[in-house]
Amino acid sequence: MNPSFKIDGVTVPFEAGQSIMEAALAAKIYIPHLCHNPEFHPHGSCRLCCVTADGRSVAACTTPALDGMEVANETHEITTQRRLLLKLLFVEGNHVCPACEKSGACQLQAVAYHCGMLAPEFVHFYPRRAVDASHPETIIDFNRCILCELCVRASREYDKKGVFSIGGRGIQAHLMINSASGKLGDSHFSAADKAARVCPVGAILPKHRGYEVPIGKRLYDQESISQVGDVAAHQERDHGE
Amino acid sequence: MVNKVRIATASLAGCFGCHMSLLDIDERLIELVAQIEFDRTPLTDIKQIGSCDVGLIEGGVCNAENVEVLKAFRRHCNILVAVGACAINGGVPAMRNQYSLAECLEEAYLSGSGIDNPQIPSDPELPLLLNQVHPVHDVVWIDYFLPGCPPSADTLFTFLGELLSGQPIQFAYRQIRYD
């Protein structure tokens, strides 16, 4: 008999070596996440996907599924914790949704909608972060970066360029660009890179286009991310067309 | 006759878009008006706030007058609601927090383009600007948050309807937007 475990009482089959997240994705059960993208090695840093597995809090993306395991995902307690994490992410950066081109197709927003966040409520940091518009085709707005490291992983693992990394520690942690000037325009980055298509928020955006999809028709306007899926998968599909 | 629920509204550092959205409730306003009456609001032009059941605050806090109005609302309203993106996180006006106040004033009144007779306004009647724009919950306790830029008329109608009838405040997926 194939091994299986339960998520919120629903039986989920899995193959040996699959993480809780991978098995859940295959079974179309949504576990909120920001730093996970099935195309890359799991990172376990955003903590949004934390579930309890047999009573212990673990990141679903880095924890292997075990036969007979009981996983709690969308409980009142876990959703409340996820809302807290999301609120902290919102106040750490400058997320001005009404003025952001990614709004409506932003995974941070979509996960926050899914988890029922109405407002960040904490004291906002309003950090001062300059935008990097030095590259002819792509802009980096550090105000929106949530340090998921998807661009870091994509550039290192897929593009084999290592354009991005995270520098600093704790609240000083920030996205860095591998070039003499620290500017994207002086790096080996190209708009055709995989790293250009994985950002879950509006930190890495193509230039020379803007607000192309009308309000009401954007990715998360009508249906929850639990139905629609990650924005990176849609960006990848659009790129392939 | 049933006592009507008394509501006050104010626009601080906002664009009046949230108030426009309130009017966008359209013909359902007639339903609402049967249950509510307005105290201080730009709609009545009453200047001083009296005792109210509900206060709706649009906009963030950018100057000394905003602080004064907001504190008066908190003193007089049983339930205070942050309405819209600017009240909730400062919104577009808070984008000036990327610069010092001096830089903002210099750009707007001294060194910007198309300025005649450059001078920074200093009339004593003008409320002093704060160093940064703040969300309203930085200044007073807020009971409910209604996101959106603006919150849709549907969102406002749902909220007021549920509040007036004493039901739990719940929204459909499409009624909660941060933009």
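Residues numbered from 1 in each chain as written. Chains lettered and ligands numbered in written order. Predicted model: local features only at pLDDT ≥ 70, side-chain atom pairs only at ≥ 80, totals over all residues. Heavy atoms only, no water.

### Some words on the overall build of chain B
- Scanning chain B for helices and strands turns up six helices and seven strands.
- Sequence-ordered secondary structure for chain B, helices as α and strands as β, is β-α-α-β-β-β-α-β-α-α-β-β-α.
- If you line up chain B on its principal axes, its C-alpha atoms span 60 × 35 × 30 Å.
- Look at the contacts in chain B between residues 6 or more apart in sequence, and 76% of them connect residues 24 or more apart.
- For chain B, the computed accessible surface area is about 9,300 Å², with 54% contributed by carbon and sulfur atoms.
- Side chains of chain B carry 11 positive and 22 negative charges; the gap between the two charge centres is 7 Å. (Helix = DSSP H or I, 4+ residues; strand = E, 2+ residues; numbered from the N terminus. Contact = heavy atoms within 4.5 Å. Areas by Shrake-Rupley, 256 points an atom, 1.4 Å probe, with all protein chains shown as cover. Lys, Arg positive; Asp, Glu negative; His and termini not counted. Charge placed at Lys NZ, Arg CZ, Asp CG, Glu CD.)

### What to know about the overall build of chain A
- Per the secondary structure count, chain A includes six helices and nine strands.
- A compact globule built from 241 residues should have a C-alpha radius of gyration of about 18 Å, and chain A, at 18 Å, falls within 12% of that.
- Dimensions of chain A, computed from C-alpha atoms along their principal axes, come out at roughly 55 × 40 × 40 Å.
- By the burial criterion, 50% of the 241 residues in chain A qualify as buried.
- Put simply, of all contacts in chain A between residues at least 6 apart along the chain, 64% involve residues at least 24 apart. (Rg over C-alpha atoms; globule rule 2.2 N^0.38 Å. Buried < 20%, exposed > 50% of the residue type's maximum accessible area, 1.4 Å probe, protein only.)

### A short note on the interface of chain B and chain A
- Facing 27 residues of chain B, the contacting portion of chain A comprises 32 residues.
- When the buried surface of chain B facing chain A is broken down by residue, B:Gln98, B:Tyr173 and B:Tyr178 rank first, second and third, together holding 33% of it.
- Across the chain B-chain A interface, the total number found is two salt bridges.
- A salt bridge links B:Arg177 to A:Asp221; the shortest N-O distance between them is 4.0 Å.
- Our count for the contact surface shared by chain B and chain A stands at 16 residue pairs in polar contact (both at pLDDT 80 or more).
- Elements with a contribution of two residues or more to the side of chain B that touches chain A: helix 4 (85–89) and strand 6 (129–134) of chain B.
- In terms of residue class, the side of chain B that touches chain A is made up of 14 nonpolar, nine polar and four charged. (Buried area = accessible area lost by both parts, 1.4 Å probe. Salt bridge = Lys/Arg side-chain N within 4 Å of Asp/Glu carboxyl O. Polar contact = N/O pair within 3.5 Å; in protein donor to acceptor, adjacent residues only side chain to side chain. Nonpolar A, V, L, I, M, F, W, Y, C, P; charged D, E, K, R; others polar.)

### Things to note about a negative patch on the surface
Residue and element names in this part refer to chain B.
- On the surface, Asp24, Asp26, Glu27 and Glu31 cluster together into a negatively charged patch.
- Among the secondary structure elements, Asp26 is positioned in the loop between helix 1 (17–23) and helix 2 (28–33).
- The exposure class of Asp26 is partly exposed, given its relative accessible area of 44%. (Patch = residues over 30% accessible without salt bridge, like charges linked within 9 Å, V, L, I, M, F, W, Y side chains within 5 Å.)

### Section: the domain arrangement of chain A
Residues and elements named next belong to chain A.
- The domain boundaries assigned to chain A delineate domain 1 (4–74) and domain 2 (79–214 + 230–240).
- The distance between the C-alpha centroids of domain 1 and domain 2 comes to 24 Å.
- Counting residues at the interface gives 22 residues for domain 1 and 25 residues for domain 2.
- Of the roughly 1,800 Å² buried where domain 1 meets domain 2, counting both sides, 54% is carbon and sulfur surface.
- Broken down residue by residue, the surface that domain 1 buries against domain 2 is led by Leu34, Phe40 and Leu48, which jointly contribute 38%.
- Linking domain 1 with domain 2 are one salt bridge. (Domains from an automatic or database assignment.)

### Some points on a nonpolar patch on the surface
- Judged by side-chain polarity, A:Leu84, A:Leu88 and A:Phe122 come together as a nonpolar surface patch covering roughly 240 Å² of accessible area.
- Judged by its relative accessible area of 39%, A:Leu88 is partly exposed.

### Comments concerning helix 6 (residues 231–240) of chain A
Residue and element names in this part refer to chain A.
- Listed as buried for helix 6 are Val231, Ala232 and His234. Taken around the axis of helix 6, the buried residues stretch over an arc of 160°, which confines them to a single face.
- Elements that come into contact with the buried residues of helix 6 comprise helix 3 (107–114) and helix 5 (225–228). (Arc of directions from axis to C-beta.)

### As for unusual backbone geometry
- Following B:Cys149, the chain continues into B:Pro150 via a peptide bond in cis, with omega recorded as -5°.
- With respect to the helices and strands, the residue B:Pro150 is situated in the loop between strand 7 (144–146) and helix 6 (153–165).

### A closer look at the nonpolar core
- Judged by nonpolar contacts, the single largest core of 46 residues is most densely connected at A:Leu34, A:Leu86, A:Leu108, A:Val111, A:Cys151, A:Phe164 and B:Tyr178.
- Elements with a contribution of two residues or more to this core: helix 2 (76–92), helix 3, helix 4 (150–158) and strand 8 (174–177) of chain A.
- Among the elements that line this core, the one with the most residues is helix 3 of chain A, at five residues.
- In this structure, this core is formed jointly by two domains, domain 1 (4–74) and domain 2 (79–214 + 230–240) of chain A, each of which donates at least three residues.
- Residues contacting A:Leu34, with those up to four places away along its chain left out, are A:Cys46, A:Leu48, A:Leu86, A:Leu89, A:Gln107, A:Leu108, A:Val111, A:Ile146, A:Cys148, A:Leu150 and A:Pro200.
- Within the second largest apolar cluster, 22 residues are counted, among which are B:Leu12, B:Ile57, B:Val69 and B:Ala72. (Core = buried A, V, L, I, M, F, W, Y, C linked by side-chain atoms within 4.5 Å.)

### Digging into the pattern of salt bridges
- Throughout the structure, instances matching the rule amount to 16 salt bridges over all chains.
- Between B:Asp39 and B:Arg6 there is a salt bridge whose closest N-O contact spans 2.9 Å. Here B:Arg6 lies in strand 1 (residues 5–11) and B:Asp39 lies in the loop between strand 2 (36–38) and strand 3 (52–58), a separation of 33 residues in the sequence.
- A relative accessible area of 4% means that B:Asp39 is categorised as buried.
- Here B:Asp154 makes a salt bridge to B:Arg28, at a shortest N to O gap of 3.0 Å. On the criterion of sequence distance, the pair formed by B:Asp154 in helix 6 and B:Arg28 in helix 2 is long-range, its members being 126 residues apart.
- Here the salt bridges share partners, and the residues they tie into one network are A:Glu39, A:Lys194, A:Arg197 and A:Glu236.

### A closer look at the sheet that holds strand 2 (residues 10–13) of chain A
All names here are of chain A.
- The strand order across the open sheet formed by five strands is 2-1-5-3-4, and the pairing between neighbours is mixed. Both outer strands of the open sheet, strand 2 and strand 4 (56–59), are each paired with one neighbouring strand and no more. Between one strand axis and the next, the sheet turns by 35° as a mean value, whatever way the strands run.
- Inspection of the sheet shows strand 3 (residues 50–53) paired to strand 4 by four bridges, in the antiparallel sense. Pairing of Val51 across the sheet is with Val58, part of strand 4.
- The strands touched by helix 2 within the sheet are strand 3 and strand 5 (70–72), with strand 3 carrying the most contacts at an inclination of about 155°. (Pairing = 2+ DSSP bridges. Axes fitted to C-alpha atoms, helices over the stretch in contact; angles between N-to-C directions.)

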